[in-house]
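If you want the building blocks of each chain, they are given just below.
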Amino acid sequence: MLNRLALLALPLFAVALFAGCETTRTDAPDAGDAYQGARAVPVIQQMHGSDPALDAPRVTLIQDRPALDNLDADSFDELDVNFTEHDVVVFALGEQPTGGYWAHITGVQQVGDVLYVQGIVNQPGEDEAATQALTYPYAVAVIPKTDASIALSDIQEVTGETRPE
C-alpha cells in the first residue's frame, strides 16, 4: 500500500518541484524553445546527500557565500567554493518518506540569463528495500561563474535505479 502511495506521489512531487522552485519566472522560454542557442556549462564538482535544511523542493542558483550560508545546510560546509570564479547550483527534492530517493545533476545549459539544470530524480522501486526514515535528497554542482540570474529544472524521473557516480 505504501509503495503504491509513493508511486502515485512521484508525479505530484514533480509538479511540486516545478511549482515550488524559488527561481520560477513567467517570461522564461517554454520547454520547446529551451535549448535554442544553449551553451553547455561545465560541472566542475558535484556532491550528493541528504540534509534536513533542504526540506522543500528547489532548484537554486547560488552566486555568493551569504546565499549559500542562508540555506543552513550543514552538508555544504565541506564545499570549498571561490565565488569570484564559481557559482553553485542546488537541486533538492525536499522531504521524502523513505530512503531510496536521490537527485543527480546530469548537465547545465545556459540560454541568455537562464540556467537549465538537467537532472535525474529517483524514487525507490516497488519491491526495493528502503530505509524507513525521512530523507532530504539533494545534488549540488559547482560551475564556472555565469551571468545567469535564474535556474530552472529539466528533470527526468526514474524508479529503482542506482545513482550515477
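Residues numbered from 1 in each chain as written. Predicted model: local features only at pLDDT ≥ 70, side-chain atom pairs only at ≥ 80, totals over all residues. Heavy atoms only, no water.

Things to note about the packing of aromatic side chains
Phase 1 of the analysis: Evaluation of the coordinates by the stated rule reveals one aromatic pair.
Phase 2 of the analysis: With a centroid separation of 5.2 Å and 85° between ring planes, the pair formed by F76 and Y138 is classed as edge-to-face. Taken together, the residues F76 in the loop between α2 (65–70) and β4 (86–93) and Y138 in strand β7 (residues 137–144) connect sequence positions 62 residues apart.
Phase 3 of the analysis: Note on F76: relative accessible area 2%, which makes it buried.
Phase 4 of the analysis: Overall, Y138 belongs to the buried group, its relative accessible area being 2%. (Phe/Tyr/Trp six-rings, centres within 6.5 Å; stacked < 30°, edge-to-face > 60°. Helix = DSSP H or I, 4+ residues; strand = E, 2+ residues; numbered from the N terminus. Buried < 20%, exposed > 50% of the residue type's maximum accessible area, 1.4 Å probe, protein only.)

Overview of the pairing of β4
Phase 1 of the analysis: The buried fraction of β4 amounts to eight of the eight residues, a majority that puts the element mostly inside the structure.
Phase 2 of the analysis: Residues H86, V88, V90 and A92 of β4 are buried on one face, and the alternating residues D87, V89, F91 and L93, pointing to the opposite face, are buried as well.
Phase 3 of the analysis: Where β4 meets β7, seven bridges bridge the pair, whose relative direction is antiparallel. Note that in β7 the partner of H86 across the bridge is P144. (Pairing = 2+ DSSP bridges.)

Section: the environment of E85
Phase 1 of the analysis: As for its placement among the helices and strands, E85 is situated in the loop between α2 and β4.
Phase 2 of the analysis: Note: C-alpha distance between E85 and K145 (60 residues apart in sequence) is 5.2 Å.

Details of the pairing of strand β5 (residues 102–111)
Phase 1 of the analysis: The buried fraction of β5 amounts to nine of the 10 residues, a majority that puts the element mostly inside the structure.
Phase 2 of the analysis: When strand β1 (residues 39–41) meets β5, the two strands line up antiparallel, connected through three bridges. From the neighbouring strand, V41 faces β5, where its bridge partner is V108.
Phase 3 of the analysis: Linking two consecutive strands that pair antiparallel, namely β5 and strand β6 (residues 114–123), is a turn of two residues; a positive phi of about 60° is found at G112 within it.

A short note on the sheet that holds β4
Phase 1 of the analysis: Taking strand neighbours across the sheet as the criterion, the four strands line up as β2-β7-β4-β3 in an open arrangement whose pairing is antiparallel. Whereas interior strands pair on both sides, the edge strands pair on one side only; in this sheet they are β2 (45–50) and β3 (57–62). Taken pair by pair, the neighbouring strands of this sheet meet at an average axis angle of 10°, ignoring direction. (Axes fitted to C-alpha atoms, helices over the stretch in contact; angles between N-to-C directions.)

Description of the nonpolar core
Phase 1 of the analysis: The biggest cluster of nonpolar side chains holds 19 residues, and the ones touching the most others in it are F91, I105, L115 and I143.
Phase 2 of the analysis: Where this core is concerned, the elements lending two or more residues are β3, β4, β5, β6, β7 and β8 (150–159).
Phase 3 of the analysis: Each residue touching I105, except ones within four places of it in the same chain, is listed here: Q46, V89, F91, V117, Q118, G119, A139, V140 and A141.
Phase 4 of the analysis: Judged by nonpolar contacts, the second largest core, of 16 residues, contains L54, V88, Y138 and V142. (Core = buried A, V, L, I, M, F, W, Y, C linked by side-chain atoms within 4.5 Å. Contact = heavy atoms within 4.5 Å.)

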